[in-house]
Amino acid sequence: MTATSASAPGTTTRSPAVAMLRLLGGFQISQALYVAARAGVADELGGGPRPVGTVAEATGLRPDLLRRLLRSLATEGVFAYDEERDSVALGPLGHTLRGDSDESVRDIALMWMETHYRPFGRLWSTLHDGVPAAERELGKPFFDWLGEDPDRVAGFSAAMADMMRAIRRDAIDALDLTGVGHLVDIGGADGTGLATLAARYPRLRGTVFDLPHVVEAAHATLSRAKVADRVDTRGGDFFKSVPEGADAYLACFILHDWNDEQSTRILERVHEAAAPGARLLLVETVLGLGPAPEVATLLDLTMMGMLDGRERTLEDWRALLAGGGFRLDRTVETAGPMCVVEAVRVDR
């Protein structure tokens with residue numbers, strides 16, 4: 001049996017030129033992963049190896065071309081292709097492209113390639129004038145463009161739910177809500193994060209807060225989680241106001257989307273709405289902290305190309321919070337790439 005699959009990282013010594021060639025070809029791998037995710041190739045392999053022809057028929061792809069795509073992705077550990085039997089199975093990473101996997105990033109693969117891929121062709125200009133590549137490619141700020149199409153909004157929300165499970169889960173698990181009666185999730189999208197927390201804390205009341213056309217998706221999420229009796233939804237613009245009177249506010253992967261001036265405006269709105277001594281819980285990357293620093297630097301590049309935001313160091317977070325009326329209390333590193341940054345509202 002001759003199978004093509006990925007070797008363990010670091011077991012093969014490559015020349016610098018070959019290593020660089022592999023990096024330069026990353027855009028092709030991204031598109032190959034997109035095709036596999038969109039066609040549902042990994043979903044066809046949940047029961048074990050299958051003939052390539054059978055998978056091609058089920059996914060509507062040409063078998064001769066699918067075979068070549070599988071060989072390429074096998075070298076990345078996504079699939080394992082058996083040349084002799086002409087069959088394919090999931091590789092070590094393959095389950096992450098399945099829609100039903102707890103570690104699925106399938107919707108991220110779809111969203112990134114459908115919304116981020118083209119704009120990054122404009123990164124050269126961004127590095128010269130600071131205008132996000134997406135704004136130049138799309139003709140308007142990314143979130144404005146996104147909100148014009150319900151399908152884009154749905155795809156983005158699905159990708160953020162994947163992101164929650166894939167890289168934020170450890171940080172969500174690390175949140176200590178002891179003593180919190182009412183939690184507002186700022187930019188809570190489809191409610192996945194707050195639904196998880198409400199299930200863990202039976203006495204917790206919550207509010208999912210996001211733009212009206214985004215937060216609509218939260219109703220179904222909260223109902224499925226059986227927490228809709230304790231968690232409601234509110235639509236609005238967090239640059240203008242946020243729900244008042246809660247004793248804790250959560251911003252999960254929100255402030256990194258915005259520059260310091262915009263982030264300070266959001267924090268000021270929270271400060272205005274929050275009860276005295278209220279807690280602010282941020283789930284964000286902290287540059288230089290955590291077991292997967294490459295995630296933070298990758299996301300920092302994403303922010304550069306798509307938005308006007310950035311990933312931040314611990315001192316950056318401290319200064320930003322102080323400018324918005326909050327004192328950084330502690331930072332909790334987790335098993336994943338995200339940290340919990342805890343702060344408390346102070347009088348100004």
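All figures in this text were calculated on a predicted structure; none of them were measured in a lab.

> Pulling in residues and values, what's your account of the overall build of the protein chain?
Secondary structure summary: the protein chain contains 15 helices and eleven strands in total. Here the C-alpha radius of gyration of the protein chain, 22 Å, is about what a compact globule of 348 residues would show, namely 20 Å. Each of the three principal axes of the protein chain carries a C-alpha extent, and together these read 70 × 50 × 40 Å. Sorting the 348 residues of the protein chain into buried and exposed places 48% on the buried side. Sequence-distant contacts in the protein chain: of pairs separated by 6 or more residues, those separated by 24 or more amount to 67%. Carbon and sulfur atoms provide 53% of the accessible area of the protein chain, an area that totals close to 16,700 Å².

> A description of the environment of Arg-345 should follow, citing residues and the corresponding values.
The topology assignment puts Arg-345 in strand 11 (residues 339-345). Apart from residues no more than four positions distant in its own chain, Arg-345 is found in contact with His-271, Ala-274, Ala-275, Pro-276, Gly-277, Ala-278, Gly-325 and Phe-326. A polar side-chain atom of Arg-345 sits 2.9 Å from the main-chain carbonyl oxygen of His-271. Of the polar contacts made by the side chain of Arg-345, one reaches the side chain of Asp-347; its length is 3.5 Å.

> Account for unusual backbone geometry, naming residues and giving values.
Glycine aside, residues mostly have negative phi angles, and peptide bonds mostly take the trans form. With phi around 50 degrees, Ala-189 is a residue other than glycine that occupies positive phi space. Looking at the element boundaries, Ala-189 is found in the loop between strand 5 (182-186) and helix 10 (192-200). For Lys-226, which is not a glycine, the phi torsion comes out positive at approximately 60 degrees. Residue position: Lys-226 is located in the loop between helix 12 (218-224) and strand 7 (231-235). The class for Lys-226 is exposed, based on a relative accessible area of 69%.

> How would you summarise a nonpolar patch on the surface if you had to cite specific residues and measurements?
Taken together, the side chains of Met-20, Leu-23 and Leu-24 define a hydrophobic patch exposed on the protein surface, amounting to about 340 Å² of accessible area. Checked against the element boundaries, Leu-23 lands in helix 1 (residues 16-24).

> Lay out empty space enclosed by the protein with the relevant residues and their values.
For the structure on display, the rule yields one cavity of 30 Å³ or more. Quantified by volume, the largest cavity comes out at close to 40 Å³. In terms of lining, the largest cavity is formed by Ile-186, Ala-251, Leu-255, Ile-266, Leu-267, Val-270, Leu-280 and Leu-282. The set of elements that each furnish at least two residues to the lining of the largest cavity consists of helix 13 (260-273) and strand 9 (279-284). The leading source of residues in the lining of the largest cavity is helix 13, at three residues.

> Go over the packing of aromatic side chains, please, and point to the residues and values.
Counted according to the given criterion, the structure contains eight aromatic pairs. Here Phe-142 and Phe-143 contribute two aromatic rings whose centre-to-centre distance is 5.6 Å and whose plane-to-plane angle is 45 degrees, an arrangement assigned as tilted. Where Phe-238 meets Trp-258, the ring centres are 6.3 Å apart and the plane angle is 85 degrees; that geometry is what we call edge-to-face. Taken together, the positions of Phe-238 in the loop between strand 7 and strand 8 (248-252) and Trp-258 in the loop between strand 8 and helix 13 put the pair 20 residues apart, joining distant regions of the chain. The two residues Phe-238 and Trp-258 agree in class, both being buried.

> Now, about the pattern of salt bridges: what can you tell me, with residues and values included?
Per the counting criterion, the structure on display carries 25 salt bridges. We note a salt bridge from Asp-100 to Arg-98, for which the minimum N-O separation is 2.8 Å. On the basis of relative accessible area, Asp-100 is assigned to the exposed category, the value being 56%. For Arg-98, a relative accessible area of 14% corresponds to the buried category. Among the ionic pairs, Arg-165 bridges to Asp-162, the shortest N-O distance being 2.4 Å. Placement of both Arg-165 and Asp-162 in helix 9 (residues 150-174) is noted, with a separation of three residues, approximately one turn of the helix.

The rules behind the values
Position labels on residues start from 1 in each chain and follow its written sequence. Totals for whole chains, interfaces and linings use every residue, but because this is a predicted model, local features are given only for residues with pLDDT of at least 70 and side-chain atom pairs only at 80 or more, for both listing and counting. Think of the side-chain values as coming from all heavy atoms in the structure, minus any hydrogens and water. Secondary structure elements are defined from DSSP: runs of H or I of at least 4 residues count as helices, runs of E of at least 2 residues count as strands, and each element is numbered from the N terminus. As a reference, a globule follows 2.2 Å times the number of residues to the power 0.38, and the radius of gyration itself is taken over C-alpha atoms. Whether a residue is buried, partly exposed or exposed follows from its accessible area with a 1.4 Å probe, protein chains only, as a fraction of its type maximum: under 20%, in between, or over 50%, in that order. Between two residues, a contact is recorded if the distance between any of their heavy atoms is within 4.5 Å. Each accessible area is a Shrake-Rupley result for a 1.4 Å probe, and residues are judged covered by the shown protein chains and nothing else. Whenever a nitrogen or oxygen atom comes within 3.5 Å of another N or O atom, the pair is scored as a polar contact, on the condition that within protein one atom can donate a hydrogen and the other can accept it, and that pairs from neighbouring residues in sequence are kept only if both atoms are in side chains. What makes a patch is a set of residues exposed beyond 30% relative accessible area and free of salt bridges, joined within 9 Å when like-charged and within 5 Å when nonpolar (Val, Leu, Ile, Met, Phe, Trp, Tyr). Just to be clear on terms, a salt bridge is a Lys or Arg side-chain nitrogen sitting within 4 Å of an Asp or Glu carboxyl oxygen. Residues are called lining when one of their atoms sits within 4 Å of a cavity or pocket point, these points coming from a 1 Å grid over the protein atoms alone, where a cavity is a set in which a 1.4 Å probe fits but cannot get out and a pocket is an open set with protein on both sides within 12 Å along at least five of seven lines. Grid points are joined across faces, edges and corners, and a volume is the space filled by probe spheres set on the points. Pairs were defined over the aromatic rings of Phe, Tyr and Trp, the Trp ring being its six-membered one, requiring ring centres within 6.5 Å. Orientation was assigned from the angle between planes: stacked under 30 degrees, edge-to-face over 60, tilted for the rest.

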